[in-house]
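Observations on the model geometry
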Amino acid sequence: MYSFLTTENWADYELVDSGNFEKLERFGDYYVARPEPQAIWDKHLPEQEWQRLANAVFTRDKGSQEKGQWKLKKGMPEQWFINYTYNDLKLRFRLGLSSFKHVGLFPEQDSNWKFIYDTTKNLKTPQPKVLNMFAYTGAATLAAKAAGADVTHLDSIKQVNFWARDNMEASNLDNVRWLVEDAMKYARREVKRGNKYNGIILDPPSYGRGPNGEKWQLEDELNEMIKLCREMLDGTDYFLLINLYSIGFSAMILDNLMRETFGEQVQNEELGELYLHDSGNRRLPLGTFFRFSSVGR
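Here is a short report on the structure shown in this document. (Residues numbered from 1 in each chain as written. Predicted model: local features only at pLDDT ≥ 70, side-chain atom pairs only at ≥ 80, totals over all residues. Heavy atoms only, no water.)

Along its length, the protein chain carries seven helices and 17 strands. Seen through its principal axes, the protein chain has C-alpha atoms that stretch 55 × 40 × 40 Å. The buried share of the protein chain, taken over its 297 residues, is 54%. Expressed as a percentage of contacts within the protein chain between residues at least 6 apart in sequence, the contacts between residues at least 24 apart total 63%. Of the roughly 14,000 Å² of accessible surface on the protein chain, 47% is carried by carbon and sulfur atoms. (Helix = DSSP H or I, 4+ residues; strand = E, 2+ residues; numbered from the N terminus. Buried < 20%, exposed > 50% of the residue type's maximum accessible area, 1.4 Å probe, protein only. Contact = heavy atoms within 4.5 Å. Areas by Shrake-Rupley, 256 points an atom, 1.4 Å probe, with all protein chains shown as cover.)

Put into structure tokens, the structure is as follows:
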């Protein structure tokens, strides 16, 4: 099934507008304007409205595609919290204004968090083991943990793991296994050890570095990583979710990789794109995903 999935019914988040390579979002009580390379259309709202609403505006440094500075209105905090609820799942996230335009959360992942929570709850294993690699500030980790999983959270940046731990504590959860590690090295070791997981979550960047300078290049490394995941994934009670945000990386690539690698283990699969919709009813594409599980819908 090919699906277009968007964030829905989240009181503390909305994409207010997008266009001219920018997006204006509301996180709780605060409005944030920052670059968005895929918003190539015109803005729906007038520029004066953007200026009126935005509590924080990110501007790139000259010569940099990512790094820049935030300009804050009076009363705009550098850190604040928002809430997330879905059925009986209740999470709380600390947001912050980073020098790389990020705020610590990717709201388009809402439908994936719901999938992780529902699927983990419906696995047959009493306390399923879930591995979250490239795990960032841990929203997917917490969705699995809240559903009863024994979760290993792996990211190569120590400060990001501290941030994820703050989110865990704010959400009244505990007992996550935190690892500052290179994902590829860890996966290779787990395969050698014969360790298995009921759930594997992957959200790899286009490019990154491990804690000791290990290089990650998506198109070079992804095929091997998927094969390692096949060896780590439990054969009878399982789910796997992969999400990619890489301009020009077709969903068909994911489809080919997953079906070729996992074969008949691909059940109840869903392939598609994640997007956010703004006040002008434009759909902002923010990644492709492939997910499957032994749990029937």
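Right, let's get into the environment of Glu66. Tracing the backbone through its elements, the reader meets Glu66 in the loop between strand E5 (56–60) and strand E6 (68–72). Given a relative accessible area of 36%, Glu66 falls into the partly exposed group. Considering only alpha carbons, one finds Glu66 and His102, 36 residues apart in sequence, at a separation of 9.5 Å. Apart from residues lying up to four places away in sequence, Glu66 is in contact with Phe58, Arg60, Ser99, Phe100 and Lys101.

What follows is about unusual backbone geometry. Phi at Tyr136 takes a positive value of approximately 55°, unusual for a residue other than glycine. Locating Tyr136 in the fold gives a position in the loop between strand E9 (129–133) and helix H3 (139–146). Phi at Asn281 takes a positive value of approximately 60°, unusual for a residue other than glycine. Inspection of the secondary structure puts Asn281 in the loop between strand E16 (270–277) and strand E17 (283–293).

With that settled, consider the sheet that holds strand E4 (residues 30–35). Reading across the sheet, the five strands line up as E2-E3-E4-E5-E6 and stay open at both edges, with mixed pairing between neighbours. Both edges of this open sheet fall to strand E2 (13–19) and E6, since each of them pairs with a single strand only. With strand direction ignored, the average angle separating the axes of adjacent strands in the sheet is 20°. Sheet analysis places E2 next to strand E3 (residues 22–27), joined by six bridges and oriented antiparallel. By the bridge assignment for E3, Asp17 is matched with Leu24. (Pairing = 2+ DSSP bridges. Axes fitted to C-alpha atoms, helices over the stretch in contact; angles between N-to-C directions.)

Looking now at the side chain of Thr261. Along the chain, Thr261 falls in helix H7 (residues 251–262). Within the local environment of Thr261, its side chain forms a polar contact with the backbone oxygen of Leu257, the two atoms lying 2.7 Å apart. (Polar contact = N/O pair within 3.5 Å; in protein donor to acceptor, adjacent residues only side chain to side chain.)

Another point: the pattern of salt bridges. Evaluated as defined, the whole model comprises 18 salt bridges. Among the salt bridges present, the one from Glu270 reaches Arg291, with a minimum N-O distance of 3.0 Å. Within this pair, whereas Glu270 is found in strand E16, its partner Arg291 is found in strand E17, the two being separated by 21 residues in sequence. Assigned by exposure class, Glu270 and Arg291 land together as buried. In the salt-bridge network here, residues are joined through shared partners; they are Asp17, Asp278 and Arg282. (Salt bridge = Lys/Arg side-chain N within 4 Å of Asp/Glu carboxyl O.)

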